[in-house]
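One-letter residues, chain by chain:
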There are 2 protein chains.
Amino acid sequence: MDKQTILILALVIGAAVISLLYAFFLKAQLYKLSAKHEKIEEIASFIKEGTQAFLKKEYKIIALFVGGVAILLTVLGFIPAFSGAEGIGWKAALCFVFGALFSGLAGYVGMQAGTKANSLTASAANTSGMSRALKTAFTGGSISGLSVAGFGLLGLSASVLILYLATDSLALAGQIVIGYGLGASFVALFARVGGGIYTKAADVGADLVGKVEAGIPEDDPRNPAVIADNVGDNVGDIAGMGSDLLESYVGAIISAFTLGVASIIYSPAITAIFPLLIAATGLIAVMISITVIRSKEWKNPQKTLNIATYIANITVVVASLVFSLLLLDSVKPFFAIITGLLVGVFIAYIAEYYTSDKFKPVKEVADESQTGHATNIISGYAVGMRSTAITIIVLVAGILVAYLLEDMYGIGLAAVGMLSTVGITVAIDSYGPISDNAGGIAEMADLSKEVRDITDKLDSVGNTTAAIGKGFCIGAATLTALALFMSFANAAGIDSISILEPLVIIGLLVGAMLPYLFTSLTINSVGRAANKMINEVRRQFKEDPGIMEGTSKPDYAKCVEISTAAALKEMILPAIIAVITPILMGFIFGNKALAGLLIGSLASAAMLAIFMANSGGAWDNAKKLIESGLYGGKGSEAHKAAVTGDTVGDPFKDTAGPAMDILIKLMSMIALMIGPAIATIGSLLERFF
Amino acid sequence: MDKQTILILALVIGAAVISLLYAFFLKAQLYKLSAKHEKIEEIASFIKEGTQAFLKKEYKIIALFVGGVAILLTVLGFIPAFSGAEGIGWKAALCFVFGALFSGLAGYVGMQAGTKANSLTASAANTSGMSRALKTAFTGGSISGLSVAGFGLLGLSASVLILYLATDSLALAGQIVIGYGLGASFVALFARVGGGIYTKAADVGADLVGKVEAGIPEDDPRNPAVIADNVGDNVGDIAGMGSDLLESYVGAIISAFTLGVASIIYSPAITAIFPLLIAATGLIAVMISITVIRSKEWKNPQKTLNIATYIANITVVVASLVFSLLLLDSVKPFFAIITGLLVGVFIAYIAEYYTSDKFKPVKEVADESQTGHATNIISGYAVGMRSTAITIIVLVAGILVAYLLEDMYGIGLAAVGMLSTVGITVAIDSYGPISDNAGGIAEMADLSKEVRDITDKLDSVGNTTAAIGKGFCIGAATLTALALFMSFANAAGIDSISILEPLVIIGLLVGAMLPYLFTSLTINSVGRAANKMINEVRRQFKEDPGIMEGTSKPDYAKCVEISTAAALKEMILPAIIAVITPILMGFIFGNKALAGLLIGSLASAAMLAIFMANSGGAWDNAKKLIESGLYGGKGSEAHKAAVTGDTVGDPFKDTAGPAMDILIKLMSMIALMIGPAIATIGSLLERFF
């Protein structure tokens, strides 16, 4: 038992606890406020009900799955063949439940804060103006960010400490704690896929019947799907995104931990817990950043968010240099961390270039909208595809540098570095949907034009942060999945996985195909769910003409119910495929085929995710560019074509694209867990051939 | 010097010569006929001029590139560092020129026959009816098929024989003859990419201004771009497709040859030339099939083409069983060949399922067209993505079986088996555009409705064969590229390429990205070229109102010129990227990174190619389904949405998708050639780190 290790783990736990206390302090501050506006409060209560209803049902399904897997893991642990694989058994099952629980808690707290901040931002814009509204939205986001990082790290570091105390071995602790990561992955899978389907089904349904057929503006309270649309933003863009990044965060730390245990350059004990320490440092940096931002008055949203990011990143840079020198007596781990941070920053900039209306690509798509729907689609498609080139080159350069610095462990550290300030990333990413919804509420509550102007200004930054956030999520997922892949090979005791072996090739081809199948499934799910929504909205308009006249209230709850039921139903099949495929591949064809599956899906999913996110963003902003008056503005033929692109891009960027992140991380996590077991008992193919 | 080897090679050469004589006999038969119809002959002469002008200019550019590479190869051969690599030097350079020359000849002869058959089919339909027209179209296709297989095999087998006689080593012959494959690859690159850009630029240009803006029907002689459109069908769908399959054919044989040389199970001399013998057998089978079809009268086009395929395949199956037992004393090589044949058949069926209006997917896309442009796009996109699943499973099963039978050599044999009856495949694939153009000519020459009915009936089969042909091309390219990849590893002396090595991972990620970049480039090229065409057609309509009134003739030549210039200009950049990337990757990062690049691009390109081909086909036939009267038929909102899908699908399925085939084969071929040199001199990274 190493005292220094226990001390550092205790410090990490302390940092996580403090960040959660800070989150609850901010939450208390937020809850002290009230909208003091009847209509806002009424709408807020609808949204709150909707989100909680969805979350409750979603968590029930997740609990069912988690319970099932936990029991399976426990039972398998009693089978002698698996007894050597520490990642399977009741301890891992417990970690698994923990991981799911803490991820679920983070999602719940973040979303509660988000929905509360929605209405408070609208009311702040109404009563106190820009500065107050900006601060409210940022506080809402901060709570979400702190709870994602805080809960994620607390559960993980506590699990590691307990396991270390119980087993007196960091290596064993590393194997068992994988269960924690898998738990987080499971929640992320359902939250991202379910949330993604929910938000787009509601969005498309609300738009197609409300805006296009009935001709009422966006966020009009007469639209029965308008509350569902707002609920969708919360469950998809706040809870879904948060769980995605929590999974990356936890996954990156776990993989760096397990790779650190195997380190031969430094003392394994220190390399193993070093990533946890960097994560804790990041968490403190995030708290400092939030405190600084909250202590001053701000007018310019973009500048505020940029400064928040700078403060957090610079703090981490300085602190990791100190720790790198102090604990590992080398500057190399520091550079590996910085590499990750830089990759994250660059990928974000690239995403901005391809999706912001300030640059050529979006202007190109807008320009091509003039010749019709088809040319709009083709050009957006081409822009997204083109964007993969430079993104991948940056990623690949980062991987190479990290590896040259610290071998596989370097890749793990780069992933941790990229995700160390995840608290602020989530805060900024949540700020977007909060501002967006504040605008929606302002519209629904019939607030003045000045109020809407403030929320629009807040929201315009949100559009950019959304695209950047997606780029970051993909980069983080790719790096994390890669680090997990390395950990898997390590854990399964494989030294070499040659792409000259046909089983590896087969795995690779099937792996490359899976993201396509997954995309097809999730896109179709959105289509089906949206259709149900469309029919319901049409039905309400038809059966109660008073709705359009504004004399009677639409049945919001019914629409929320439809989105909820559809999203939860539709998320099951993709989830099962994501879980079953690596298990089947591994146990039938062996660990090498499984490795092929992982790397094939990683490469394929990364490209599809980048392509879909940037195509979607480019279409979205090309539409907005035209709406600002270009090429005839709203109602022109160019605008109609641009709306087509935006509608196609919606499930691309908000459902299928983000689902790719989860797919590759979840499969890697499953592989990491079952790999040693397969290595022990052998695959079906090996037994029979 | 092994006498049996020389004898077999002589037999193979003999079979190739006979097939070419047969092709020229058929051509002479065709040229004896004349359209005997002034208007048809006039149009035919325009098309002929256009195709020859394009081909002449294209061949000049190809000659420039080929000359440059040949000189480079020769010069490199004198550098001591490369002297150990037999694949580099003047002998390889000569083979390279040969490969380009024979591929060019095949393309030239095939296209000449194709353009001639266009007008003769129209005139046969006009004077003699269905049976005669069908036979004429089939004969035109047969000449193309025989010249692709005949020229491809003749040059290859003659080169092998000469090299064997000169070096007395099949191993050395195998290394040097790779140059021949590279030559064929180069021609295929330009022919497929240039032809693909040409055909779609002309098509989109003709449609958007003619059909949509001016409201005149398809193939109306008043449309200035109508001849360019017809020329495009010939250069893209006949010459481009032929060179693609010729490359696969030659590549498959070369890889099986080099893997055969390394065989330890059987006598290497026999395993090396066995694939050549199978190819020769296939060629004879194709001749038998063509003779049988031509000796009878046929009424049903689909049935005729099916019977042609059956005859060729059954002959090959029987003959390869005999040779397998006779020469290799084992039934396993036979089964490997059959596996390849079956994979080809299944992939073709799958493509038919996803793109024919008889089945669910196309009906789904048509159905979704009712709710607008966006839903049409999304559903077609989802259909294409979904189609990758079962296609890849079939391919993967084939790879596994072939490998279990005969190791890497089995994969080579499977590729050869799939391509052994390439003559009939090309014949049927060429039949499609011939019938299509015959219809166009009938329209332009103002022939009676009965004539148009006959050509329509011929063409309706052509649509199905086109989709099937594309599926086959992708399957063949993937299997060939995989076999070439194995040969590359073999030639470069690499036993293991582990995906745990970061250089391999980097190569793999960059490889997976390339097809996206390539797609983006080619799609944008089509857009730019189409825009030029649109402007020209608009200009002609505006400056000469007599064109629309039918009193003055449009300037067809100008449109042909624009398409030609644009296609040739636009094909350069993608070509350079395809050639340079593997070279840079190899010489800078080494053979393992290059291997990663190959396998990454193979997996990624296969998915994109399948997805784009089937999405494109589904959109196309969904439009046709609606045009047949469904959901309001022509002019309805559903039809407009379906036209959008079709327009998006055009560059997908006819430009970007087929370009994927070339990309992966060309890069594998380059790797195969430079691999040994890199192994000898080492990579830049190895030298400096």
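Note that the coordinates shown come from a computational prediction; the quantities given were computed from them, not determined experimentally.

A. Seen up close, the interface of chain B and chain A. With 64 residues of chain B in contact, the opposing surface of chain A contributes 65 residues. Summed over both partners, the interface of chain B with chain A comes to about 5,700 Å²; 83% of that surface belongs to carbon and sulfur atoms. Along the contact surface separating chain B from chain A lie zero salt bridges. Between the two partners, chain B and chain A, sit nine residue pairs in polar contact (both at pLDDT 80 or more). Every element with two or more residues in the side of chain B that touches chain A is listed here: α11 (373-419), α13 (449-491), α14 (502-543), α18 (591-627) and α19 (637-681) of chain B.

B. Highlighting the packing of aromatic side chains. The full count for this structure, using the stated rule, is 35 aromatic pairs over all chains. Aromatic side chains F485(A) and F488(A) sit 6.4 Å apart centroid to centroid with 35° between the ring planes, which places their arrangement in the tilted category. Of the two residues, F485(A) and F488(A) both sit in helix α13 (residues 449-491), three residues apart, roughly one turn of that helix. Residue F485(A) is classed as buried on the basis of its relative accessible area of 1%. Ring plane angle 45° and centroid distance 5.3 Å describe the contact between Y353(B) and F359(B), whose orientation is recorded as tilted. Judged by its relative accessible area of 32%, Y353(B) falls in the partly exposed class. The rings of Y381(A), Y516(A), F611(A), W619(A), F652(A), Y381(B), Y516(B), F611(B), W619(B) and F652(B) are connected pair by pair, giving a single aromatic cluster. Positioned over the ring face of Y31(A) is K116(A), at 4.9 Å from the centre of the ring.

C. How the structure looks around the relation of the copies chain B and chain A. Placing chain B over chain A gives an RMSD of 0.1 Å and needs a rotation angle of 180°, together with 0.0 Å of translation along the axis. When the rotation and shift are considered jointly, the pair of chain copies conforms to a two-fold rotation axis. Residue S498(B), judged by its C-alpha, is the member of chain B lying nearest the rotation axis, at 2.1 Å. The fraction of interface residues of chain B whose copies in chain A are also interface residues reaches 100%, indicating that both copies meet through the same surface.

D. Examining the environment of A366(B) more closely. Residues and elements named next belong to chain B. Inspection of the secondary structure assignment puts A366 in helix α10 (residues 360-368). Exposure remark for A366: the relative accessible area of 0% places this residue in the buried category. Setting aside residues up to four positions removed in sequence, A366 forms contacts with A622, L625, I626 and Y631.

Calculation criteria
Residues numbered from 1 in each chain as written. Chains lettered and ligands numbered in written order. Predicted model: local features only at pLDDT ≥ 70, side-chain atom pairs only at ≥ 80, totals over all residues. Heavy atoms only, no water. Contact = heavy atoms within 4.5 Å. Buried area = accessible area lost by both parts, 1.4 Å probe. Salt bridge = Lys/Arg side-chain N within 4 Å of Asp/Glu carboxyl O. Polar contact = N/O pair within 3.5 Å; in protein donor to acceptor, adjacent residues only side chain to side chain. Helix = DSSP H or I, 4+ residues; strand = E, 2+ residues; numbered from the N terminus. Phe/Tyr/Trp six-rings, centres within 6.5 Å; stacked < 30°, edge-to-face > 60°. Buried < 20%, exposed > 50% of the residue type's maximum accessible area, 1.4 Å probe, protein only. Lys NZ or Arg CZ within 6 Å of the ring centre and 35° of its normal. Least-squares fit on C-alpha atoms with pLDDT ≥ 70 in both.

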